[in-house]
Amino acid sequence: MRVLVVKDEESLAEAIGAGLRRDAITVETARDGREALAKLRLGGYDVLVLDRDLPGLHGDEVCRQVIGQRLLTRVLMLTSPGTVHHRPDAPGPGPGLGADDYLTKPFTHEELLARVLALGRRPRPVPAPVIAHAGVTVDTARGLAARDGRPLALSHTELGVLEVLLRARGAVVSGDDLIEEVWEEHTSHRTNAVRVTLGTLRAKLGDPPLIETVPGAGFRMTGGPDGGDGTDG
C-alpha cells in the first residue's frame, strides 16, 4: 500500500509516516496542498492522509480538487475537535467534500492505522482509458496515441512519458518523477535518457510545441485542455 501524508508540521508528518512504515506501508509526505496535488497527479497512492488545517491551500480545497480532478486515491481527512462531519453528499457547512473518512485530532497510531488499512482495502476507482489534452489522446488500454486524429508511432518509453505528463494536467513533473514512473530502477545515464526521450517525443508530436521545459523544476504540458480525462464514447 502507498500512502501520502499531508501535514505542514514536518516533525508530525514524519512521525505519522514512521509509524505507518513500521507496518510495511510505503509513505511519502507533502508539506502543503499544492505539493500534495502535484504528487497525486502522478498517481499511485492508495490513501491520502490529509490535514484539514493546512496554510495556503486549505485542506477543504485540496479535497475538492482531488474529487473534481478524479485523482484516484481514498481520502482520510484529519480534523480538529468539534468539527461537524457531514456525509459527502450532504448540504451545509463542514467537510462534506467527498472525503472517504474523517479522524479527529488528537488520535492514536492504532486509530490512524486502522482507518488507513480500511481505506486501502476498498477498491480504487478505475482510471479512464483515454486521456485527452490539447488535441493529444492516449488510449492507455491499447497503448495508442494520436494528435488531432493523426496516429503517433511512439516507443513504450515515449508513451509512458506522454501519459505521465498528460495525467499531471499542466502541473510540472520533475525529471526524477519521470524516471520513477517510466524507467526501470537500474537504468544507467537516467538524466540523459529523459532528455533524449523528450527530444524524440517532441519531434513526433510536431508543432505547435506542447511540452514545455521549466528551468530547475521539470516539464509540463501546455496548450488548452480538452476537458480532462475522457473515454471513447
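Residues numbered from 1 in each chain as written. Predicted model: local features only at pLDDT ≥ 70, side-chain atom pairs only at ≥ 80, totals over all residues. Heavy atoms only, no water.

Asker: Even after reading the chapter, I still don't get the sheet that holds strand β7 (residues 136–139), so can you show me in this structure?
Answerer: Backbone-to-backbone hydrogen bonds join strands into a sheet, with any given pair of strands oriented parallel or antiparallel. In space, the four strands of this open sheet follow the order β6-β7-β8-β9, with antiparallel pairing throughout. Each edge of the open sheet carries a strand with a single partner, namely β6 (130–133) and β9 (150–152). For this sheet, the mean inter-axis angle between neighbouring strands, taken without regard to orientation, is 20°. Pairing analysis gives four bridges linking β6 to β7, with the strands arranged antiparallel. Residue pairing across strands places V130 opposite D139, the latter belonging to β7. Along the sheet, helix α5 (residues 156–167) makes contact with β6, β7 and β8 (144–147), crossing β7 at roughly 115°. (Pairing = 2+ DSSP bridges. Helix = DSSP H or I, 4+ residues; strand = E, 2+ residues; numbered from the N terminus. Axes fitted to C-alpha atoms, helices over the stretch in contact; angles between N-to-C directions. Contact = heavy atoms within 4.5 Å.)

Asker: I keep staring at the nonpolar core and nothing clicks. Help me out?
Answerer: Nonpolar side chains in soluble globular proteins tend to be buried together. Counting 30 residues, the largest nonpolar core has V161, L162, L165, L178, W183 and I211 as its most contacted members. Of all elements in the fold, only β7, α5, α6 (175–182), α7 (190–205) and β11 (218–221) reach the threshold of two or more residues within this core. Sorting elements by how many residues they give to this core places α5 first, with six residues. Each residue touching L165, except ones within four places of it in the same chain, is listed here: V173, L198, I211, F219, R220 and M221. Counting 19 residues, the second-largest nonpolar core is a separate cluster that includes A36, L50, C63 and V66. (Core = buried A, V, L, I, M, F, W, Y, C linked by side-chain atoms within 4.5 Å. Buried < 20%, exposed > 50% of the residue type's maximum accessible area, 1.4 Å probe, protein only.)

Asker: What's the story with the side chain of R2 in this structure? I'm lost.
Answerer: Mapped onto the fold, R2 is located in strand β1 (residues 2–6). Aside from chain neighbours lying at most four places away, what touches R2 is T26, E28, G43, G44, Y45, D46, V47, E180 and E181.

Asker: Explain the side chain of R52 to me, please; I cannot follow it from the model alone.
Answerer: Here R52 lies in the loop between β3 (47–51) and α3 (59–68). Of the residues examined, R52 reaches a relative accessible area of 17% and is grouped as buried. In this structure the side chain of R52 is engaged in a polar contact, spanning 2.6 Å, whose partner is the side chain of D60. (Polar contact = N/O pair within 3.5 Å; in protein donor to acceptor, adjacent residues only side chain to side chain.)

Asker: Explain the sheet that holds β3 here, please?
Answerer: Strands sit in the order β2-β1-β3-β4-β5 across an open sheet of five strands; the sheet is parallel. The open sheet has two edge strands, β2 (26–30) and β5 (101–104), and neither has a second partner. This sheet shows a mean twist of 20° between the axes of neighbouring strands, independent of strand direction. Strand direction decides the pairing type here: β1 and β2, joined by five bridges, are parallel. Across the sheet, V6 pairs through a bridge with A30, a residue of β2.

Asker: Please clarify how the layout of surface pockets should be interpreted in this entry.
Answerer: It is a probe the size of a water molecule, rolled over the atoms, that shows where empty space is left. Space inside the second largest pocket adds up to approximately 190 Å³. Along its surface, the second largest pocket is lined by 15 residues, and A38, K39, L42, S174 and D177 are the ones closest to its centre. If you list the elements that add at least two residues to the lining of the second largest pocket, you get α2 (33–41) and α6. Among the elements that make up the lining of the second largest pocket, the one with the highest residue count is α6 (three residues). A class-by-class count of the residues in the lining of the second largest pocket yields seven nonpolar, two polar and six charged. (1 Å grid on protein atoms, 1.4 Å probe; cavity = no way out; pocket = protein on both sides within 12 Å on 5 of 7 lines; lining within 4 Å. Points joined across faces, edges and corners; volume = space filled by probe spheres on them. Nonpolar A, V, L, I, M, F, W, Y, C, P; charged D, E, K, R; others polar.)

Asker: Hey, could you run me through the confidence of the model for the protein chain in this one?
Answerer: The predicted coordinates should not be examined in detail at positions where pLDDT is low. With 82% of its residues at a pLDDT of at least 70, the protein chain reaches an overall mean of 82. Low pLDDT (under 50) marks residues 86–96, which in the prediction has 18 contacts with non-local residues, meaning those over four places away or in another chain. Here residues 225–233 is a poorly scored stretch, pLDDT under 50, and it has 25 contacts once near neighbours within four places are set aside; other chains count. (pLDDT = per-residue confidence, 0-100.)

Asker: Any chance you could explain α5 here in plain terms?
Answerer: Helical geometry: 3.6 residues make up each α-helical turn, so side chains three or four residues apart lie on a common side. Taking 1.5 Å of rise per residue, the twelve residues of α5 would be expected to cover 16 Å, and the 17 Å separating its terminal C-alpha atoms lies within 8% of that figure. Within α5, nine of the twelve residues are buried, leaving the element largely enclosed by the surrounding structure. Turning to α5, its buried residues number three or more, namely E158, L159, G160, V161, L162, V164, L165, L166 and R167. R169 lies just past α5 and shows a positive phi near 55°. (Expected span 1.5 Å × (residues − 1).)

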